[in-house]
Amino acid sequence: MADSSRQRRSSYSKAWLYRGNIRDIIVVLSCISALFYRIEYTQIALGVILLGCGTCLHLVTKGTLIRNIVLCRTGIYSTIRHPYYLANYLVDTAFCLLSGNILLLVLYPFLFFWAYGPTMANEERFLLGAHPDEFPRHAEAVPQIFPGPTSNRNMEEILNDYSLNRVSKKEIARILRFLSVAAWIVALRLLPTEYI
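The paragraphs below set out a description of the structure included in this document. (Residues numbered from 1 in each chain as written. Predicted model: local features only at pLDDT ≥ 70, side-chain atom pairs only at ≥ 80, totals over all residues. Heavy atoms only, no water.)

1. Regarding the packing of aromatic side chains
Then step 1. Following the criterion strictly, the structure yields ten aromatic pairs and no others.
Then step 2. Feature note: the residues Tyr84, Tyr85, Tyr89, Tyr108, Phe112, Phe113, Tyr116 and Phe146 constitute an aromatic cluster, connected by ring pairs.
Then step 3. The positively charged end of Lys62 is found above the aromatic ring belonging to Tyr84, 4.7 Å away from the centroid. (Phe/Tyr/Trp six-rings, centres within 6.5 Å; stacked < 30°, edge-to-face > 60°. Lys NZ or Arg CZ within 6 Å of the ring centre and 35° of its normal.)

The structure is reproduced here in structure tokens:
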């Protein structure tokens, strides 16, 4: 397992955009954009709603995940296979929306799949090797990242097997960073124009 994670880090270092740096790029571009693009209150409200959904999904995902021990198929994992990445998608989309930069908002889905695609493929290969009987059935029945028509039947079960004890202090700190970045992007709009 240590060798495979080292190989993944090595392959990530060859790409200029990967899962480990996409948020940094989005945050920088969102902060710069916030200085130059106008935004309506409805965009701020929608950005805050997306940010709230993304942070809640982070908490639910981390509270359900039992990493590298079992194939998680219950709770939020019964609706989508990679809920943590969906949470990241919602958080980063919120930053793009709060930036006011429509081009960044439109480009983000492409950047997301460019950065996260190899990670998801590697994780699914690992899960297939670790759970050869269970994973193919799970992958066939549950959408990869965005909820689909089959996800609706399990929505009432998304908190099954959730435990707050599984949510680490590191994850709480990450969520606080999300909130502070969003506040910073909005605060940049309050700078007097002579400083821009």
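2. Remarks on a nonpolar patch on the surface
Then step 1. A surface patch of nonpolar side chains, about 510 Å² in accessible area, is lined by Ile102, Leu103, Val106, Leu107 and Phe110.
Then step 2. Secondary-structure assignment places Val106 in helix α5 (residues 102–130). (Patch = residues over 30% accessible without salt bridge, like charges linked within 9 Å, V, L, I, M, F, W, Y side chains within 5 Å. Areas by Shrake-Rupley, 256 points an atom, 1.4 Å probe, with all protein chains shown as cover. Salt bridge = Lys/Arg side-chain N within 4 Å of Asp/Glu carboxyl O. Helix = DSSP H or I, 4+ residues; strand = E, 2+ residues; numbered from the N terminus.)

3. Comments concerning unusual backbone geometry
Then step 1. Phi angles above zero are rare outside glycine, and Asp161 is one such case at about 65 degrees.
Then step 2. Structurally, Asp161 is set in the loop between α6 (134–141) and α7 (169–188).

4. Some remarks on the packing of helix α3 (residues 41–64) against helix α4 (residues 83–99)
Then step 1. Their axes nearest at 8 Å, the elements α3 and α4 cross at an angle of 160 degrees. Taken together, α3 and α4 sit at an angle that is classed as roughly antiparallel. Taken as a pair, α3 and α4 cross one another with a handedness that is left-handed.
Then step 2. Taken together, the residues that form the contact of α3 with α4 break down as 16 nonpolar, eight polar and one charged. (Axes fitted to C-alpha atoms, helices over the stretch in contact; angles between N-to-C directions. Parallel < 35°, antiparallel > 145°, perpendicular 65-115°, else oblique. Left-handed = near helix turned anticlockwise from the far one by under 90°. Nonpolar A, V, L, I, M, F, W, Y, C, P; charged D, E, K, R; others polar.)

5. Let's talk about the packing of helix α2 (residues 22–34) against α7
Then step 1. At a minimum axis distance of 8 Å, the contact between α2 and α7 shows a crossing angle of 25 degrees. With respect to α7, the element α2 is oriented roughly parallel. In the packing of α2 onto α7, the handedness of the crossing is right-handed. Residue-level inspection shows Arg23, Val27, Ser30, Cys31 and Ala34 of α2 in contact with α7, the latter providing Phe178, Val181, Trp184, Ile185 and Leu188.
Then step 2. The class makeup of the residues in the contact of α2 with α7 is eight nonpolar, one polar and one charged. (Contact = heavy atoms within 4.5 Å.)

6. Observations regarding the pattern of salt bridges
Then step 1. One pass over the full model with this rule turns up four salt bridges.
Then step 2. The salt bridge involving Glu134 is made with Arg73; its shortest N-O contact spans 3.1 Å. A residue pair is termed long-range when its members are at least 10 positions apart, and Glu134 in helix α6 and Arg73 in the loop between α3 and α4 qualify at 61 residues.
Then step 3. We classify Arg73 as partly exposed; its relative accessible area is 37%.
Then step 4. For Arg174, the salt bridge goes to Glu171, with nearest N and O atoms at 2.5 Å. Linking Arg174 with Glu171, this pair stays in helix α7, spanning three residues, or about one helical turn.
Then step 5. Residue class for Arg174 comes out buried when judged on its relative accessible area of 18%.
Then step 6. When its relative accessible area of 2% is taken as the criterion, Glu171 is described as buried. (Buried < 20%, exposed > 50% of the residue type's maximum accessible area, 1.4 Å probe, protein only.)

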